Amino acid sequence: DAGVTQSPTHLIKTRGQQVTLRCSPISGHKSVSWYQQVLGQGPQFIFQYYEKEERGRGNFPDRFSARQFPNYSSELNVNALLLGDSALYLCASSLAMGAYEQYFGPGTRLTVT
Amino acid sequence: GQSLEQPSEVTAVEGAIVQINCTYQTSGFYGLSWYQQHDGGAPTFLSYNALDGLEETGRFSSFLSRSDSYGYLLLQELQMKDSASYFCAVRDNSGGYQKVTFGTGTKLQVIP
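Residues numbered from 1 in each chain as written. Chains lettered and ligands numbered in written order. Predicted model: local features only at pLDDT ≥ 70, side-chain atom pairs only at ≥ 80, totals over all residues. Heavy atoms only, no water.

### Things to note about the pattern of salt bridges
All names here are of chain A. Here is the rule: The term salt bridge refers to a side-chain nitrogen of Lys or Arg lying within 4 Å of a carboxyl oxygen of Asp or Glu. Helix numbers and strand numbers start at the N terminus; a helix is a DSSP run of H or I with at least 4 residues, a strand a run of E with at least 2. Accessibility here uses a 1.4 Å probe with only protein chains present; expressed as a share of the type maximum, an area under 20% marks a residue as buried, one over 50% as exposed, and anything in between as partly exposed.
Counted by the stated rule, this structure contains nine salt bridges over all chains. Put simply, E53 and R55 hold a salt bridge, and the shortest N to O gap is 3.9 Å. For D85, the salt bridge is made with R63, and the minimal N-O distance between the two is 2.8 Å. Of the two residues, D85 sits in the loop between β8 (74–78) and β9 (87–94) while R63 sits in the loop between β6 (53–57) and β7 (64–68), which places them 22 residues apart along the sequence. No difference in accessibility class separates D85 from R63, as the two residues are buried. Here the salt bridges share partners, and the residues they tie into one network are R22, R67 and E75.

### A short note on the interface of chain B and chain A
To keep it simple, the criterion reads: By the convention used here, residues are in contact when the closest approach between their heavy atoms is within 4.5 Å. The residue classification treats Ala, Val, Leu, Ile, Met, Phe, Trp, Tyr, Cys and Pro as nonpolar and Asp, Glu, Lys and Arg as charged. All others, Gly included, are polar.
On the side of chain A, 24 residues touch chain B, which itself brings 16 residues to the contact. Between the two partners, chain B and chain A, sit zero salt bridges. Elements represented by at least two residues in the side of chain B that touches chain A include exactly β4 (29–37), β5 (44–49), β9 (84–94) and β10 (97–102) of chain B. When residues of the side of chain B that touches chain A are assigned to their parent elements, the largest contribution, five residues, is made by β10 of chain B. Residues that form the side of chain B that touches chain A fall into these classes: nine nonpolar, five polar and two charged.

None of this, on its own, says anything about what the molecule does.
Here is the structure:
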């Protein structure tokens, strides 16, 4: 079975631009969570989606938004990019909302210049 | 808010045992997870404790004391491939939302 996939792998954007990151969960998993990881730090929780609804939100500004599709894949959107948004964006899938075991994708490395 | 503390770096000898501690402050605590992340890789789930006590999975064990808001990851028979960053993570329910908060990570270096 395929693991969690994310696209693109790397991305370079300019300040003020918008970006969309994509994630496909493991087959059968209905929950997707998004994390931001800055070099040298732990992943920071952005959102959790389950059954296409937002079920969890971290302390990120409204420039960050996400959605989950009927096939359980998900997109993370970030508007008005700032230099500080440069990070590794990780997607994690789990069977259900309360499932404690999360499976992470390889991440999307976003660089904002 | 939530906060977790773990040592930033630990060095241990191949074949030895190492313990990585984690203390946390949170409300609506559900459980404590541990993840391993190699440089350039994605975090990999290692273990989860919801109740007090020790959970053992092969060479790795994890312990939780809810009353002390404390847990640890124990790695036995260390191998060179265990060199990685280890994160504790708390799952809690605050403000009506479930969320997972990761610690800043412990970089483990295994030396021959």
